[in-house]
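This is what each chain is made of:
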Amino acid sequence: EAQVTQNPRYLITVTGKKLTVTCSQNMNHEYMSWYRQDPGLGLRQIYYSMNVEVTDKGDVPEGYKVSRKEKRNFPLILESPSPNQTSLYFCASSWQMNTGELFFGEGSRLTVL
Amino acid sequence: RKEVEQDPGPFNVPEGATVAFNCTYSNSASQSFFWYRQDCRKEPKLLMSVYSSGNEDGRFTAQLNRASQYISLLIRDSKLSDSATYLCAVNIGYGGATNKLIFGTGTLLAVQP
């Protein structure tokens with residue numbers, strides 16, 4: 001089954017404790033991206049990757065890191081989480097960046113206390 | 001001004017009603033357009049692309065008005081299962097190889113029995 005898998009789906013953590021949200025896709029997609037979704041603000045792009053070893057900042061990259069060492073994986077790293085990073089996070093993938101046809105993971109709800 | 005704007009709703013309609021949503025975009029370099037559906041606490045899923053000539057899929061019709069810079073989604077004969085948030089997405093070309101997919105904040109539809 002074609003899918004984008006995120007883990008963990010739910011996480012409560014404390015300020016400053018490093019965490020990683022994993023994302024994996026089995027569709028051989030070149031393009032992957034991370035979004036956060038907050039009430040009233042919609043989906044905002046954090047980072048994206050055009051292909052292996054190619055990553056770039058989205059609209060709200062502060063406080064986040066990513067890596068793309070393999071085509072299928074695109075982890076999101078919060079080195080020192082803060083309460084303003086409490087949000088619903090989605091990983092998405094697509095054949096290419098400009099198709100607009102994104103496949104989303106089920107989301108990861110993160111709470112930072 | 002936001003690059004992509006939607007009326008957040010909610011749109012409360014009875015079963016069987018016809019309902020229409022609009023989504024305005026500000027960048028005339030916008031190249032492609034999409035409607036996504038997001039159920040409560042779930043990931044967005046592509047509903048349909050919006051072509052210049054319009055696009056119809058069963059009870060759903062999407063249209064593009066480039067002159068007035070908006071896209072629309074029409075749902076006929078609404079079903080209870082249509083209740084969801086509908087996100088528009090606009091692919092904006094900033095030149096070169098970099099395109100950007102911008103999401104609206106979504107319009108909430110609640111179909112009442």
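Preceding block: the structure.
Reading the values: the criteria
- Residues numbered from 1 in each chain as written.
- Chains lettered and ligands numbered in written order.
- Predicted model: local features only at pLDDT ≥ 70, side-chain atom pairs only at ≥ 80, totals over all residues.
- Heavy atoms only, no water.
- Helix = DSSP H or I, 4+ residues; strand = E, 2+ residues; numbered from the N terminus.
- Rg over C-alpha atoms; globule rule 2.2 N^0.38 Å.
- Buried < 20%, exposed > 50% of the residue type's maximum accessible area, 1.4 Å probe, protein only.
- Contact = heavy atoms within 4.5 Å.
- Areas by Shrake-Rupley, 256 points an atom, 1.4 Å probe, with all protein chains shown as cover.
- Phe/Tyr/Trp six-rings, centres within 6.5 Å; stacked < 30°, edge-to-face > 60°.
- Buried area = accessible area lost by both parts, 1.4 Å probe.
- Salt bridge = Lys/Arg side-chain N within 4 Å of Asp/Glu carboxyl O.
- Polar contact = N/O pair within 3.5 Å; in protein donor to acceptor, adjacent residues only side chain to side chain.
- Core = buried A, V, L, I, M, F, W, Y, C linked by side-chain atoms within 4.5 Å.

1. Regarding the overall build of chain B
Inference 1: Each helix and strand counted, chain B has zero helices and 11 strands in total.
Inference 2: Start at the N end of chain B and walk to the C end: the helices and strands fall as β-β-β-β-β-β-β-β-β-β-β.
Inference 3: Relative to the globule expectation of 13 Å for 113 residues, the C-alpha radius of gyration of chain B, 14 Å, shows essentially globular dimensions.
Inference 4: Counting the 113 residues in chain B, one finds 50% classified as buried.
Inference 5: By sequence separation, contacts in chain B at least 24 residues apart represent 58% of the contacts at least 6 residues apart.
Inference 6: If you sum the accessible surface of chain B, you get close to 5,400 Å²; carbon and sulfur atoms cover 48% of it.

2. Here's the deal with unusual backbone geometry
Inference 1: The amide bond that connects Asn7(A) to the next residue, Pro8(A), takes the cis arrangement and shows omega of 0°.
Inference 2: Residue position: Pro8(A) is located in the loop between strand 1 (4–7) and strand 2 (10–13).
Inference 3: With an omega of 10°, the peptide bond running from Gly9(B) to Pro10(B) counts as cis.
Inference 4: Within the secondary structure, Pro10(B) sits in the loop between strand 1 (4–6) and strand 2 (11–14).

3. A short note on the packing of aromatic side chains
Inference 1: Counted by the stated rule, this structure contains 11 aromatic pairs over all chains.
Inference 2: A centroid spacing of 5.9 Å and a plane angle of 45° characterise the contact between Tyr35(A) and Phe104(A), whose relative ring orientation is tilted. Within this pair, whereas Tyr35(A) is found in strand 4 (residues 31–38), its partner Phe104(A) is found in strand 10 (residues 103–104), the two being separated by 69 residues in sequence.
Inference 3: Here a set of aromatic residues connected by ring pairs shows up, and it is made of Tyr35(A), Phe90(A), Phe104(A), Tyr36(B) and Phe103(B).

4. Here's the deal with the environment of Leu88(A)
All names here are of chain A.
Inference 1: Its location among the elements puts Leu88 in strand 9 (residues 87–94).
Inference 2: Leu88 sits in the buried class, given a relative accessible area of 12%.
Inference 3: Leu88 sits 16 residues away from Arg72 along the chain, and the two C-alpha atoms are 21 Å apart.
Inference 4: Contact partners of Leu88, with chain neighbours within four places excluded, come to Tyr35, Arg36, Gln37, Gly107, Ser108 and Arg109.

5. A short note on the interface of chain B and chain A
Inference 1: Taken together, the contacts link 20 residues of chain B with 20 residues of chain A.
Inference 2: Here chain B meets chain A over a buried area of about 1,500 Å², counting both sides, of which 53% is carbon and sulfur.
Inference 3: Across the contact surface, chain B and chain A share zero salt bridges.
Inference 4: Put simply, chain B and chain A have two residue pairs in polar contact (both at pLDDT 80 or more) between them.
Inference 5: Listed by contribution, the elements that provide at least two residues to the side of chain B that touches chain A are strand 4 (30–38), strand 5 (44–50), strand 9 (84–93) and strand 10 (99–103) of chain B.

6. Describing the nonpolar core
Inference 1: Ranked by internal contacts, the top residues of the largest apolar core, which has 25 residues, are Phe21(B), Trp35(B), Ile71(B), Leu73(B), Ile75(B), Tyr86(B) and Leu109(B).
Inference 2: Looking at this core, the elements with two or more residues in it are strand 3 (19–25), strand 4, strand 5, strand 7 (60–65), strand 8 (70–75), strand 9 and strand 11 (107–112) of chain B.
Inference 3: Top element by residues in this core is strand 9 of chain B. It accounts for five residues.
Inference 4: In this view, Phe21(B) contacts Phe11(B), Trp35(B), Ile71(B), Ser72(B), Leu73(B), Ile75(B), Tyr86(B), Thr107(B) and Leu109(B); residues no more than four positions away in its chain are not counted.
Inference 5: One finds Leu19(A), Tyr47(A), Val60(A) and Cys91(A) within the second-largest nonpolar core, a separate group that totals 19 residues.

Remember, this is a structural readout, not a statement about activity or role.
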